[in-house]
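What follows is the residue order along each chain.
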Amino acid sequence: MRGDRNGVLPIFSAVVVVVVSMGSMAMCGSDGSVWPMPQSMTQGSVVLAVDPAKFAITTSSTSEVLARAIDRYRNGLLFPFPATDIAEGNVLNTLNIVITADDGKEQIQWTTDESYQLVITYPTSTLTAPTIYGAMRGLESFSQLVIFDDYWMYYIVPYTPITINDFPRFPWRGILIDTARHFLDVKTIKKIIDGLSYNKMNVLHWHAVDAESFPVTCDSYPNLSEGAYASWLVYDHETIADVVDYANDRGVRVVPEFDMPGHAYSWGFGYPNLTVSCPSYEHNINNIPLDPTQDFTYNVIRGLFTEMASLFKDSYIHTGGDEIVEGCWTENSDVYQFMKDRGWSTVDLEQYFCDNVEAIVSSLNKLLVIWEDEMDDGLDINPATVIQVWQSSTTMRTAVTSGLYAILSAGWYLAKQIPDPPTTRSLWLDTWMDLYAVDPLTGLTDLTTEQQKLVLGGEACMWGEQADVSNVEGMIWPRASAVGERLWSAKTVTDTTSAKARLILFRCTCAQRGILGGPIAPDFCLDVPPSV
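Reading the values: the criteria
Residues numbered from 1 in each chain as written. Predicted model: local features only at pLDDT ≥ 70, side-chain atom pairs only at ≥ 80, totals over all residues. Heavy atoms only, no water. 1 Å grid on protein atoms, 1.4 Å probe; cavity = no way out; pocket = protein on both sides within 12 Å on 5 of 7 lines; lining within 4 Å. Points joined across faces, edges and corners; volume = space filled by probe spheres on them. Helix = DSSP H or I, 4+ residues; strand = E, 2+ residues; numbered from the N terminus. Nonpolar A, V, L, I, M, F, W, Y, C, P; charged D, E, K, R; others polar. Buried < 20%, exposed > 50% of the residue type's maximum accessible area, 1.4 Å probe, protein only. Arc of directions from axis to C-beta. Contact = heavy atoms within 4.5 Å. Pairing = 2+ DSSP bridges. Axes fitted to C-alpha atoms, helices over the stretch in contact; angles between N-to-C directions. Parallel < 35°, antiparallel > 145°, perpendicular 65-115°, else oblique. Left-handed = near helix turned anticlockwise from the far one by under 90°. Disulfide = S-S within 2.5 Å.

J.: Give a description of empty space enclosed by the protein that names residues and reports values.
T.: Taken as a whole, this structure holds three cavities of 30 Å³ or more when the rule is applied. Space inside the largest cavity adds up to approximately 130 Å³. Along the wall of the largest cavity there are 15 residues; nearest its centre are Cys354, Glu358, Leu368, Ile370 and Glu374. Of all elements in the fold, only helix 9 (346–363) and strand 17 (367–371) reach the threshold of two or more residues within the lining of the largest cavity. When residues of the lining of the largest cavity are assigned to their parent elements, the largest contribution, five residues, is made by helix 9. When grouped by side-chain class, the residues that make up the lining of the largest cavity number eight nonpolar, four polar and three charged. Lining the second largest cavity, in full, are Asn199, Trp477, Pro478, Ser481, Arg507, Cys510, Ala511, Ile515 and Gly517. Looking at the lining of the second largest cavity element by element, the count peaks at three residues for helix 16 (residues 496–512). Considering only residue class, the lining of the second largest cavity consists of five nonpolar, three polar and one charged.

Set out below in C-alpha coordinates:
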(Lines give C-alpha, C1' and ligand atoms only; values in the text may rest on other atoms or scores of the structure.)
Protein backbone atom coordinates (compact mmCIF):
# COMPACT_ATOMS: atom_id res chain seq x y z
CA MET A 1 0.00 0.00 0.00
CA ARG A 2 1.21 3.49 -0.86
CA GLY A 3 -0.01 6.03 1.61
CA ASP A 4 0.90 9.05 3.63
CA ARG A 5 4.16 8.47 5.56
CA ASN A 6 2.21 8.97 8.75
CA GLY A 7 -0.41 6.43 7.66
CA VAL A 8 -3.08 9.16 7.44
CA LEU A 9 -5.30 9.51 4.42
CA PRO A 10 -4.73 12.90 2.75
CA ILE A 11 -7.72 15.21 3.10
CA PHE A 12 -7.90 15.68 -0.66
CA SER A 13 -5.48 15.04 -3.48
CA ALA A 14 -7.43 14.00 -6.53
CA VAL A 15 -5.39 15.16 -9.47
CA VAL A 16 -7.09 14.64 -12.82
CA VAL A 17 -7.12 18.08 -14.43
CA VAL A 18 -4.31 20.59 -14.83
CA VAL A 19 -5.73 24.09 -15.18
CA VAL A 20 -3.60 26.96 -16.46
CA SER A 21 -4.57 30.34 -15.05
CA MET A 22 -2.87 33.73 -14.72
CA GLY A 23 0.31 32.40 -16.26
CA SER A 24 0.77 29.64 -13.70
CA MET A 25 -0.01 25.94 -13.79
CA ALA A 26 -1.86 24.25 -10.96
CA MET A 27 -3.25 20.83 -10.34
CA CYS A 28 -6.99 20.58 -9.85
CA GLY A 29 -9.22 17.69 -8.97
CA SER A 30 -12.84 17.45 -7.99
CA ASP A 31 -14.03 19.97 -5.47
CA GLY A 32 -16.82 17.62 -4.48
CA SER A 33 -19.17 19.18 -7.00
CA VAL A 34 -21.86 17.64 -9.16
CA TRP A 35 -23.09 18.68 -12.63
CA PRO A 36 -25.82 19.72 -12.95
CA MET A 37 -25.90 21.40 -9.54
CA PRO A 38 -28.21 19.49 -7.18
CA GLN A 39 -31.16 21.22 -5.56
CA SER A 40 -29.67 20.62 -2.12
CA MET A 41 -26.25 19.31 -1.08
CA THR A 42 -24.41 19.28 2.25
CA GLN A 43 -20.84 18.12 2.78
CA GLY A 44 -18.48 17.34 5.61
CA SER A 45 -14.70 17.07 5.88
CA VAL A 46 -13.99 13.33 6.02
CA VAL A 47 -12.33 11.45 3.16
CA LEU A 48 -13.47 7.89 2.44
CA ALA A 49 -11.40 5.35 0.56
CA VAL A 50 -12.96 3.20 -2.18
CA ASP A 51 -11.53 -0.15 -3.23
CA PRO A 52 -12.76 -0.98 -6.77
CA ALA A 53 -12.10 -4.67 -6.20
CA LYS A 54 -14.45 -4.84 -3.22
CA PHE A 55 -16.96 -2.02 -3.73
CA ALA A 56 -20.54 -3.23 -4.32
CA ILE A 57 -23.79 -1.66 -5.48
CA THR A 58 -26.79 -3.48 -4.07
CA THR A 59 -30.55 -3.26 -4.48
CA SER A 60 -33.66 -5.31 -3.87
CA SER A 61 -35.22 -4.00 -7.10
CA THR A 62 -35.85 -6.61 -9.77
CA SER A 63 -35.69 -4.05 -12.59
CA GLU A 64 -33.58 -5.24 -15.51
CA VAL A 65 -33.09 -1.64 -16.65
CA LEU A 66 -31.69 -0.68 -13.26
CA ALA A 67 -29.52 -3.80 -13.18
CA ARG A 68 -27.91 -2.78 -16.46
CA ALA A 69 -27.36 0.77 -15.17
CA ILE A 70 -25.67 -0.60 -12.04
CA ASP A 71 -23.44 -2.75 -14.21
CA ARG A 72 -22.43 0.24 -16.38
CA TYR A 73 -21.43 2.30 -13.38
CA ARG A 74 -19.92 -0.44 -11.24
CA ASN A 75 -17.84 -1.97 -14.02
CA GLY A 76 -16.89 1.09 -16.05
CA LEU A 77 -17.98 4.61 -15.26
CA LEU A 78 -17.08 4.63 -11.56
CA PHE A 79 -13.55 3.31 -11.97
CA PRO A 80 -12.10 4.33 -15.35
CA PHE A 81 -8.45 3.90 -14.29
CA PRO A 82 -6.66 0.96 -12.71
CA ALA A 83 -6.04 1.45 -9.00
CA THR A 84 -2.71 0.08 -7.82
CA ASP A 85 -3.17 1.12 -4.23
CA ILE A 86 -5.86 1.41 -1.57
CA ALA A 87 -6.11 4.49 0.59
CA GLU A 88 -5.83 4.03 4.33
CA GLY A 89 -8.65 5.09 6.59
CA ASN A 90 -12.40 4.52 6.43
CA VAL A 91 -13.41 2.47 3.40
CA LEU A 92 -16.71 2.92 1.59
CA ASN A 93 -17.80 -0.63 0.84
CA THR A 94 -21.37 -0.42 -0.47
CA LEU A 95 -23.92 1.78 -2.16
CA ASN A 96 -27.41 0.43 -1.50
CA ILE A 97 -30.18 1.54 -3.87
CA VAL A 98 -33.73 1.65 -2.52
CA ILE A 99 -36.67 2.14 -4.91
CA THR A 100 -39.58 3.37 -2.80
CA ALA A 101 -42.45 3.38 -5.30
CA ASP A 102 -41.49 0.67 -7.76
CA ASP A 103 -44.42 0.41 -10.16
CA GLY A 104 -42.69 -2.01 -12.49
CA LYS A 105 -42.53 0.57 -15.30
CA GLU A 106 -39.42 0.10 -17.41
CA GLN A 107 -40.16 2.88 -19.91
CA ILE A 108 -39.38 6.52 -19.15
CA GLN A 109 -41.98 9.17 -20.01
CA TRP A 110 -42.07 12.92 -19.42
CA THR A 111 -44.12 12.41 -16.27
CA THR A 112 -41.58 10.01 -14.71
CA ASP A 113 -40.35 11.05 -11.26
CA GLU A 114 -36.57 11.54 -11.47
CA SER A 115 -35.97 12.70 -7.92
CA TYR A 116 -33.52 10.99 -5.57
CA GLN A 117 -31.75 11.27 -2.25
CA LEU A 118 -28.09 10.29 -1.91
CA VAL A 119 -26.45 9.88 1.51
CA ILE A 120 -22.74 9.03 1.44
CA THR A 121 -21.43 7.77 4.79
CA TYR A 122 -19.06 5.10 6.07
CA PRO A 123 -19.23 2.15 5.49
CA THR A 124 -22.50 1.99 3.52
CA SER A 125 -24.08 4.74 1.48
CA THR A 126 -27.72 4.86 0.45
CA LEU A 127 -29.39 6.04 -2.75
CA THR A 128 -33.17 6.35 -2.40
CA ALA A 129 -35.51 7.14 -5.28
CA PRO A 130 -39.17 6.58 -6.14
CA THR A 131 -38.30 5.21 -9.60
CA ILE A 132 -35.44 3.45 -11.32
CA TYR A 133 -34.85 6.60 -13.37
CA GLY A 134 -34.42 8.70 -10.27
CA ALA A 135 -31.92 6.09 -9.14
CA MET A 136 -30.02 6.52 -12.43
CA ARG A 137 -29.74 10.26 -11.79
CA GLY A 138 -28.43 9.52 -8.32
CA LEU A 139 -25.90 7.01 -9.68
CA GLU A 140 -24.55 9.71 -11.98
CA SER A 141 -24.16 12.13 -9.08
CA PHE A 142 -22.44 9.45 -7.00
CA SER A 143 -20.04 8.68 -9.84
CA GLN A 144 -18.95 12.32 -10.03
CA LEU A 145 -18.09 12.27 -6.32
CA VAL A 146 -15.79 9.24 -6.60
CA ILE A 147 -12.37 10.67 -7.40
CA PHE A 148 -9.27 9.01 -8.82
CA ASP A 149 -6.04 10.31 -7.28
CA ASP A 150 -3.41 9.88 -9.98
CA TYR A 151 -0.56 10.56 -7.55
CA TRP A 152 -1.51 7.99 -4.94
CA MET A 153 -3.17 5.76 -7.53
CA TYR A 154 -6.37 5.13 -5.59
CA TYR A 155 -10.01 6.20 -5.38
CA ILE A 156 -11.54 8.37 -2.69
CA VAL A 157 -14.73 10.25 -1.89
CA PRO A 158 -13.80 13.56 -0.23
CA TYR A 159 -15.96 15.83 1.92
CA THR A 160 -18.17 13.21 3.51
CA PRO A 161 -20.69 12.82 4.95
CA ILE A 162 -22.58 14.04 1.90
CA THR A 163 -26.35 14.39 1.63
CA ILE A 164 -28.01 15.29 -1.68
CA ASN A 165 -31.73 15.85 -2.16
CA ASP A 166 -32.30 16.42 -5.82
CA PHE A 167 -34.93 16.66 -8.53
CA PRO A 168 -35.22 18.35 -11.93
CA ARG A 169 -36.66 21.82 -12.21
CA PHE A 170 -38.27 20.91 -15.57
CA PRO A 171 -39.44 17.49 -16.81
CA TRP A 172 -38.46 18.03 -20.48
CA ARG A 173 -34.69 18.45 -20.97
CA GLY A 174 -33.42 17.58 -24.40
CA ILE A 175 -31.26 17.91 -27.47
CA LEU A 176 -32.39 17.84 -31.09
CA ILE A 177 -30.25 15.97 -33.59
CA ASP A 178 -30.73 16.29 -37.35
CA THR A 179 -30.15 13.15 -39.44
CA ALA A 180 -31.65 14.58 -42.63
CA ARG A 181 -28.99 17.19 -43.49
CA HIS A 182 -26.20 14.75 -42.58
CA PHE A 183 -26.62 11.06 -41.82
CA LEU A 184 -25.37 10.17 -38.34
CA ASP A 185 -24.34 6.58 -37.72
CA VAL A 186 -25.75 4.68 -34.77
CA LYS A 187 -22.47 4.80 -32.85
CA THR A 188 -22.55 8.61 -32.94
CA ILE A 189 -26.21 8.77 -31.94
CA LYS A 190 -25.55 6.46 -29.00
CA LYS A 191 -22.64 8.61 -27.84
CA ILE A 192 -24.95 11.63 -27.87
CA ILE A 193 -27.41 9.62 -25.78
CA ASP A 194 -24.57 8.80 -23.36
CA GLY A 195 -23.83 12.51 -23.05
CA LEU A 196 -27.47 13.25 -22.38
CA SER A 197 -27.54 10.75 -19.53
CA TYR A 198 -24.36 12.14 -17.93
CA ASN A 199 -25.96 15.60 -18.01
CA LYS A 200 -29.23 14.24 -16.56
CA MET A 201 -31.00 15.28 -19.75
CA ASN A 202 -33.86 13.02 -20.76
CA VAL A 203 -34.96 13.72 -24.36
CA LEU A 204 -33.37 12.91 -27.69
CA HIS A 205 -35.45 14.79 -30.23
CA TRP A 206 -34.67 12.89 -33.43
CA HIS A 207 -35.35 15.16 -36.41
CA ALA A 208 -35.30 12.20 -38.74
CA VAL A 209 -36.29 13.57 -42.15
CA ASP A 210 -36.33 16.90 -43.95
CA ALA A 211 -36.19 18.31 -47.46
CA GLU A 212 -32.65 17.02 -48.02
CA SER A 213 -33.18 13.34 -47.27
CA PHE A 214 -35.57 10.69 -46.01
CA PRO A 215 -33.30 8.13 -44.26
CA VAL A 216 -36.04 6.04 -42.61
CA THR A 217 -37.41 2.78 -43.99
CA CYS A 218 -41.15 2.16 -44.15
CA ASP A 219 -42.45 -1.31 -44.97
CA SER A 220 -45.90 -0.16 -46.06
CA TYR A 221 -44.48 2.53 -48.37
CA PRO A 222 -40.97 1.31 -49.16
CA ASN A 223 -40.21 3.93 -51.80
CA LEU A 224 -40.07 6.65 -49.15
CA SER A 225 -36.46 5.78 -48.38
CA GLU A 226 -35.53 6.47 -52.00
CA GLY A 227 -35.20 9.97 -50.62
CA ALA A 228 -32.15 8.88 -48.59
CA TYR A 229 -28.68 9.98 -49.69
CA ALA A 230 -27.86 6.35 -50.44
CA SER A 231 -29.61 3.02 -50.03
CA TRP A 232 -27.35 2.07 -47.11
CA LEU A 233 -27.71 5.42 -45.35
CA VAL A 234 -31.01 4.55 -43.72
CA TYR A 235 -32.41 3.65 -40.33
CA ASP A 236 -34.42 0.44 -40.57
CA HIS A 237 -36.85 -0.82 -37.95
CA GLU A 238 -34.25 -2.89 -36.14
CA THR A 239 -31.87 0.07 -35.91
CA ILE A 240 -34.55 2.41 -34.60
CA ALA A 241 -35.67 -0.10 -31.97
CA ASP A 242 -32.05 -0.56 -30.89
CA VAL A 243 -31.54 3.20 -30.45
CA VAL A 244 -34.81 3.55 -28.52
CA ASP A 245 -33.91 0.69 -26.18
CA TYR A 246 -30.38 2.02 -25.69
CA ALA A 247 -31.76 5.44 -24.77
CA ASN A 248 -34.39 4.07 -22.41
CA ASP A 249 -31.70 2.12 -20.56
CA ARG A 250 -30.06 5.48 -19.87
CA GLY A 251 -33.20 7.36 -18.89
CA VAL A 252 -33.59 9.13 -22.23
CA ARG A 253 -36.82 9.38 -24.21
CA VAL A 254 -36.60 9.39 -28.01
CA VAL A 255 -39.13 11.71 -29.64
CA PRO A 256 -39.14 11.32 -33.45
CA GLU A 257 -39.87 14.21 -35.78
CA PHE A 258 -41.25 13.83 -39.28
CA ASP A 259 -41.52 17.42 -40.46
CA MET A 260 -44.69 18.17 -42.44
CA PRO A 261 -46.31 19.56 -44.48
CA GLY A 262 -43.33 21.79 -45.31
CA HIS A 263 -39.73 20.67 -45.89
CA ALA A 264 -41.13 17.66 -47.76
CA TYR A 265 -39.04 17.57 -50.95
CA SER A 266 -37.40 14.22 -50.07
CA TRP A 267 -40.80 12.52 -49.70
CA GLY A 268 -41.36 13.05 -53.41
CA PHE A 269 -38.36 11.01 -54.56
CA GLY A 270 -40.20 7.76 -54.02
CA TYR A 271 -43.75 9.05 -54.46
CA PRO A 272 -43.82 12.18 -56.67
CA ASN A 273 -47.56 12.67 -56.14
CA LEU A 274 -46.98 13.32 -52.44
CA THR A 275 -45.50 16.75 -53.05
CA VAL A 276 -46.80 19.84 -54.80
CA SER A 277 -45.40 21.06 -58.12
CA CYS A 278 -44.78 24.81 -58.13
CA PRO A 279 -42.06 25.71 -60.65
CA SER A 280 -41.30 29.22 -59.45
CA TYR A 281 -40.51 27.92 -55.98
CA GLU A 282 -38.46 24.87 -56.91
CA HIS A 283 -35.12 26.71 -56.84
CA ASN A 284 -35.12 25.95 -53.10
CA ILE A 285 -36.01 22.42 -52.03
CA ASN A 286 -37.15 23.72 -48.62
CA ASN A 287 -40.07 25.41 -50.40
CA ILE A 288 -41.74 22.17 -51.43
CA PRO A 289 -44.64 20.95 -49.22
CA LEU A 290 -46.77 17.86 -49.15
CA ASP A 291 -50.00 17.93 -51.11
CA PRO A 292 -52.73 18.30 -48.46
CA THR A 293 -55.57 17.75 -50.93
CA GLN A 294 -54.90 14.09 -51.76
CA ASP A 295 -56.14 11.09 -49.76
CA PHE A 296 -52.93 9.32 -50.75
CA THR A 297 -50.93 11.81 -48.65
CA TYR A 298 -52.79 10.83 -45.50
CA ASN A 299 -52.61 7.12 -46.38
CA VAL A 300 -48.82 7.39 -46.51
CA ILE A 301 -48.65 9.34 -43.26
CA ARG A 302 -50.88 6.78 -41.57
CA GLY A 303 -48.79 3.88 -42.84
CA LEU A 304 -45.54 5.54 -41.76
CA PHE A 305 -46.80 6.58 -38.34
CA THR A 306 -48.38 3.21 -37.64
CA GLU A 307 -44.97 1.60 -38.05
CA MET A 308 -43.11 4.34 -36.15
CA ALA A 309 -45.58 4.30 -33.25
CA SER A 310 -44.66 0.70 -32.51
CA LEU A 311 -40.93 1.49 -32.57
CA PHE A 312 -40.81 4.79 -30.70
CA LYS A 313 -42.18 4.05 -27.24
CA ASP A 314 -42.61 7.64 -26.15
CA SER A 315 -46.10 9.09 -25.92
CA TYR A 316 -45.19 11.97 -28.28
CA ILE A 317 -44.54 12.27 -32.00
CA HIS A 318 -43.25 15.56 -33.43
CA THR A 319 -44.88 16.52 -36.73
CA GLY A 320 -42.98 19.73 -37.41
CA GLY A 321 -45.30 22.27 -38.99
CA ASP A 322 -42.71 25.00 -39.47
CA GLU A 323 -41.91 27.27 -42.40
CA ILE A 324 -44.69 26.23 -44.78
CA VAL A 325 -44.28 28.06 -48.09
CA GLU A 326 -47.96 28.55 -48.80
CA GLY A 327 -47.24 30.29 -52.09
CA CYS A 328 -46.35 26.89 -53.51
CA TRP A 329 -49.85 25.70 -52.70
CA THR A 330 -51.53 28.67 -54.34
CA GLU A 331 -49.34 28.42 -57.45
CA ASN A 332 -50.43 24.83 -58.06
CA SER A 333 -53.68 24.88 -60.03
CA ASP A 334 -55.09 21.70 -58.48
CA VAL A 335 -54.44 22.84 -54.91
CA TYR A 336 -55.72 26.31 -55.69
CA GLN A 337 -58.94 24.88 -57.13
CA PHE A 338 -59.36 22.66 -54.06
CA MET A 339 -59.24 25.75 -51.84
CA LYS A 340 -61.44 27.81 -54.16
CA ASP A 341 -64.17 25.15 -54.26
CA ARG A 342 -64.40 25.30 -50.47
CA GLY A 343 -63.89 29.03 -50.05
CA TRP A 344 -60.68 28.35 -48.12
CA SER A 345 -57.59 30.40 -47.44
CA THR A 346 -54.16 28.81 -47.13
CA VAL A 347 -54.62 28.91 -43.36
CA ASP A 348 -57.83 26.91 -43.75
CA LEU A 349 -55.91 24.39 -45.85
CA GLU A 350 -53.18 24.20 -43.24
CA GLN A 351 -55.84 23.58 -40.57
CA TYR A 352 -57.35 20.83 -42.73
CA PHE A 353 -53.98 19.12 -43.06
CA CYS A 354 -53.16 19.42 -39.36
CA ASP A 355 -56.57 18.10 -38.31
CA ASN A 356 -56.06 15.04 -40.49
CA VAL A 357 -52.58 14.40 -39.10
CA GLU A 358 -53.77 14.88 -35.53
CA ALA A 359 -56.53 12.33 -36.09
CA ILE A 360 -53.96 9.81 -37.33
CA VAL A 361 -51.63 10.43 -34.39
CA SER A 362 -54.49 10.25 -31.89
CA SER A 363 -55.71 6.96 -33.35
CA LEU A 364 -52.27 5.54 -32.51
CA ASN A 365 -52.57 6.71 -28.87
CA LYS A 366 -49.86 9.31 -29.36
CA LEU A 367 -49.71 13.03 -28.62
CA LEU A 368 -48.30 15.84 -30.73
CA VAL A 369 -45.29 18.12 -30.51
CA ILE A 370 -45.21 20.89 -33.12
CA TRP A 371 -43.08 23.92 -33.86
CA GLU A 372 -44.66 27.24 -32.91
CA ASP A 373 -45.61 28.15 -36.49
CA GLU A 374 -49.03 26.51 -36.40
CA MET A 375 -49.87 28.52 -33.31
CA ASP A 376 -48.47 31.68 -34.92
CA ASP A 377 -50.73 31.06 -37.92
CA GLY A 378 -53.78 31.05 -35.65
CA LEU A 379 -54.71 27.39 -36.01
CA ASP A 380 -56.93 25.60 -33.53
CA ILE A 381 -54.61 23.37 -31.51
CA ASN A 382 -55.43 20.48 -29.20
CA PRO A 383 -54.54 21.56 -25.62
CA ALA A 384 -52.59 18.32 -25.11
CA THR A 385 -50.14 19.43 -27.82
CA VAL A 386 -46.66 20.64 -26.88
CA ILE A 387 -45.52 23.82 -28.65
CA GLN A 388 -41.79 24.05 -29.39
CA VAL A 389 -40.78 27.71 -29.42
CA TRP A 390 -37.85 28.49 -31.71
CA GLN A 391 -38.09 32.09 -32.90
CA SER A 392 -38.46 34.16 -29.74
CA SER A 393 -38.81 33.38 -26.06
CA THR A 394 -41.67 35.87 -25.90
CA THR A 395 -43.75 33.28 -27.78
CA MET A 396 -43.70 31.15 -24.62
CA ARG A 397 -46.18 33.61 -23.11
CA THR A 398 -48.53 33.24 -26.06
CA ALA A 399 -48.47 29.47 -25.74
CA VAL A 400 -49.04 29.10 -22.02
CA THR A 401 -51.62 31.88 -21.76
CA SER A 402 -53.50 29.96 -24.47
CA GLY A 403 -53.47 26.92 -22.20
CA LEU A 404 -50.85 25.02 -24.22
CA TYR A 405 -47.76 23.16 -23.05
CA ALA A 406 -44.51 24.75 -24.24
CA ILE A 407 -40.82 23.92 -24.49
CA LEU A 408 -38.14 26.47 -25.32
CA SER A 409 -35.46 26.26 -28.02
CA ALA A 410 -35.09 29.96 -28.85
CA GLY A 411 -31.62 31.00 -27.70
CA TRP A 412 -30.43 27.38 -27.64
CA TYR A 413 -29.46 26.81 -31.29
CA LEU A 414 -26.07 25.15 -31.02
CA ALA A 415 -25.05 25.73 -34.65
CA LYS A 416 -25.26 29.52 -34.36
CA GLN A 417 -22.21 31.72 -33.96
CA ILE A 418 -24.37 34.03 -31.85
CA PRO A 419 -26.99 31.80 -30.16
CA ASP A 420 -28.49 34.63 -28.12
CA PRO A 421 -28.10 37.98 -29.92
CA PRO A 422 -26.74 40.56 -29.50
CA THR A 423 -24.02 39.03 -27.29
CA THR A 424 -20.87 38.02 -29.16
CA ARG A 425 -17.87 36.00 -27.95
CA SER A 426 -14.34 36.02 -29.31
CA LEU A 427 -14.07 32.30 -28.54
CA TRP A 428 -16.89 30.13 -29.89
CA LEU A 429 -17.06 27.65 -27.00
CA ASP A 430 -17.57 30.57 -24.63
CA THR A 431 -21.08 30.81 -26.01
CA TRP A 432 -21.91 28.23 -23.32
CA MET A 433 -22.36 31.28 -21.09
CA ASP A 434 -25.02 32.69 -23.42
CA LEU A 435 -26.83 29.35 -23.43
CA TYR A 436 -26.54 29.28 -19.64
CA ALA A 437 -28.26 32.67 -19.36
CA VAL A 438 -31.40 31.61 -21.23
CA ASP A 439 -34.31 30.50 -19.04
CA PRO A 440 -37.69 29.10 -20.13
CA LEU A 441 -39.49 31.20 -17.53
CA THR A 442 -37.89 34.54 -18.41
CA GLY A 443 -40.63 37.15 -18.56
CA LEU A 444 -43.26 34.75 -17.26
CA THR A 445 -42.99 35.21 -13.51
CA ASP A 446 -46.15 37.35 -13.48
CA LEU A 447 -48.22 34.42 -14.74
CA THR A 448 -50.19 32.13 -12.48
CA THR A 449 -48.58 29.03 -11.01
CA GLU A 450 -50.77 26.84 -13.20
CA GLN A 451 -49.70 28.71 -16.33
CA GLN A 452 -46.02 28.44 -15.38
CA LYS A 453 -46.46 24.68 -14.95
CA LEU A 454 -47.33 24.50 -18.65
CA VAL A 455 -43.67 25.33 -19.36
CA LEU A 456 -42.24 21.80 -19.52
CA GLY A 457 -38.61 22.76 -20.19
CA GLY A 458 -36.68 22.96 -23.43
CA GLU A 459 -34.28 21.57 -25.98
CA ALA A 460 -30.95 22.64 -27.41
CA CYS A 461 -31.04 22.20 -31.19
CA MET A 462 -28.14 20.77 -33.16
CA TRP A 463 -29.20 21.41 -36.73
CA GLY A 464 -27.15 19.43 -39.20
CA GLU A 465 -26.34 21.72 -42.13
CA GLN A 466 -22.71 21.91 -40.96
CA ALA A 467 -22.59 18.97 -38.55
CA ASP A 468 -21.80 15.35 -39.33
CA VAL A 469 -20.02 12.50 -37.54
CA SER A 470 -16.70 14.34 -37.76
CA ASN A 471 -17.72 17.31 -35.62
CA VAL A 472 -21.21 16.94 -34.16
CA GLU A 473 -20.10 15.94 -30.66
CA GLY A 474 -17.81 18.95 -30.36
CA MET A 475 -20.60 21.24 -31.53
CA ILE A 476 -22.95 19.84 -28.87
CA TRP A 477 -20.66 19.39 -25.86
CA PRO A 478 -19.87 20.87 -23.48
CA ARG A 479 -22.03 23.87 -24.43
CA ALA A 480 -25.25 21.85 -24.17
CA SER A 481 -24.23 21.00 -20.61
CA ALA A 482 -25.10 24.62 -19.82
CA VAL A 483 -28.63 23.94 -21.06
CA GLY A 484 -28.72 20.76 -19.02
CA GLU A 485 -27.93 22.59 -15.80
CA ARG A 486 -30.38 25.37 -16.58
CA LEU A 487 -33.18 22.85 -17.00
CA TRP A 488 -32.28 20.72 -13.98
CA SER A 489 -30.95 23.03 -11.28
CA ALA A 490 -32.68 25.69 -9.21
CA LYS A 491 -33.48 28.96 -10.95
CA THR A 492 -31.05 30.74 -8.61
CA VAL A 493 -28.07 28.79 -10.00
CA THR A 494 -26.92 31.40 -12.52
CA ASP A 495 -23.33 32.40 -11.67
CA THR A 496 -21.07 31.62 -14.65
CA THR A 497 -17.84 31.99 -12.65
CA SER A 498 -18.63 29.13 -10.30
CA ALA A 499 -20.29 27.19 -13.11
CA LYS A 500 -17.13 27.45 -15.23
CA ALA A 501 -14.98 25.82 -12.56
CA ARG A 502 -17.43 22.95 -12.25
CA LEU A 503 -17.91 22.64 -16.02
CA ILE A 504 -14.15 22.33 -16.60
CA LEU A 505 -14.10 19.31 -14.30
CA PHE A 506 -17.32 17.79 -15.63
CA ARG A 507 -16.14 18.20 -19.23
CA CYS A 508 -13.05 16.24 -18.26
CA THR A 509 -15.15 13.48 -16.72
CA CYS A 510 -17.17 13.25 -19.93
CA ALA A 511 -13.99 13.21 -22.04
CA GLN A 512 -12.68 10.30 -19.98
CA ARG A 513 -15.93 8.53 -20.87
CA GLY A 514 -15.40 9.11 -24.57
CA ILE A 515 -17.53 12.22 -25.13
CA LEU A 516 -15.65 14.42 -27.60
CA GLY A 517 -16.53 17.87 -26.26
CA GLY A 518 -13.86 20.55 -26.38
CA PRO A 519 -12.26 22.30 -23.38
CA ILE A 520 -13.51 25.70 -22.26
CA ALA A 521 -10.18 26.70 -20.68
CA PRO A 522 -6.49 25.75 -20.95
CA ASP A 523 -6.05 22.50 -19.04
CA PHE A 524 -4.92 18.91 -19.25
CA CYS A 525 -7.50 16.20 -18.81
CA LEU A 526 -6.21 12.78 -17.87
CA ASP A 527 -7.63 10.50 -20.51
CA VAL A 528 -5.27 7.53 -20.39
CA PRO A 529 -4.22 5.38 -17.44
CA PRO A 530 -1.11 6.87 -15.84
CA SER A 531 2.07 4.86 -15.70
CA VAL A 532 2.77 3.14 -12.40
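The structure having been displayed, the exposition proceeds.
J.: Summarise helix 8 (residues 333–342); cite the residues concerned and give the values.
T.: Each α-helix turn comprises 3.6 residues. Residues three or four places apart therefore point the same way. Within the sequence span of helix 8, burial applies to Val335, Phe338 and Met339. One side of helix 8 holds all its buried residues, which, seen down the axis, span an arc of 90°. Away from its buried face, by an angle of more than 90 degrees, helix 8 presents the exposed residues Ser333, Asp334, Lys340 and Asp341. Buried residues along helix 8 sit against helix 7 (326–331) and helix 9.

J.: Report on the layout of surface pockets, specifying residues and quantitative values.
T.: Looking at the second largest pocket, its volume works out to about 240 Å³. By residue class, the composition of the lining of the second largest pocket is seven nonpolar, five polar and three charged.

J.: Tell me what's going on with the sheet that holds strand 8 (residues 116–120), and back it up with residues and numbers.
T.: Paired through backbone hydrogen bonds, the strands of a sheet run either parallel or antiparallel to each other. The strand order 3-12-8-9-7-5 describes an open sheet built from six strands, whose pairing is mixed. The open sheet has two free edges, formed respectively by strand 3 (40–42) and strand 5 (56–59), since each of these has just one partner strand. For this sheet, the mean inter-axis angle between neighbouring strands, taken without regard to orientation, is 10°. Sheet strands in contact with helix 1 (residues 64–77) are strand 5 and strand 7 (94–99), and its direction is about 170° off that of strand 5. Each of strand 3, strand 5, strand 7, strand 8, strand 9 (124–129) and strand 12 (162–166) touches helix 2 (residues 132–145); the most contacted strand, strand 8, lies at about 35° to it.

J.: Tell me what's going on with the packing of helix 3 (residues 186–198) against helix 4 (residues 237–248), and back it up with residues and numbers.
T.: Put simply, helix 3 and helix 4 touch, their axes get as near as 10 Å, and they point 20° apart. Judged on the interaxial angle alone, helix 4 and helix 3 are roughly parallel. Remark: the crossing between helix 3 and helix 4 carries right-handed chirality. Between helix 3 and helix 4, the contacting residues are Val186, Ile189, Lys190, Ile193 and Asp194 on the first element and Thr239, Asp242, Val243, Tyr246 and Ala247 on the second. Among the residues making up the contact of helix 3 with helix 4, the classes are represented as six nonpolar, one polar and three charged.

J.: Give me the state of the cysteines: which residues, what numbers.
T.: Taken as a whole and assessed by the stated rule, the structure comprises two disulfides. At a sulfur-sulfur separation of 2.1 Å, the disulfide partner of Cys508 is Cys525. Taking the torsion about the S-S bond as the criterion, the Cys508 to Cys525 disulfide, at about 90°, is right-handed. Pair noted here: Cys508 is in helix 16 and Cys525 is in strand 21 (residues 523–525), with a separation of 17 residues, a long-range link. Overall, Cys508 belongs to the buried group, its relative accessible area being 1%. Of note for the chain: the bonded cysteines, numbered N- to C-terminal, pair according to 1-2, 3-4. Sulfur of Cys354: no disulfide; nearest cysteine sulfur belongs to Cys328 and is 16 Å away.

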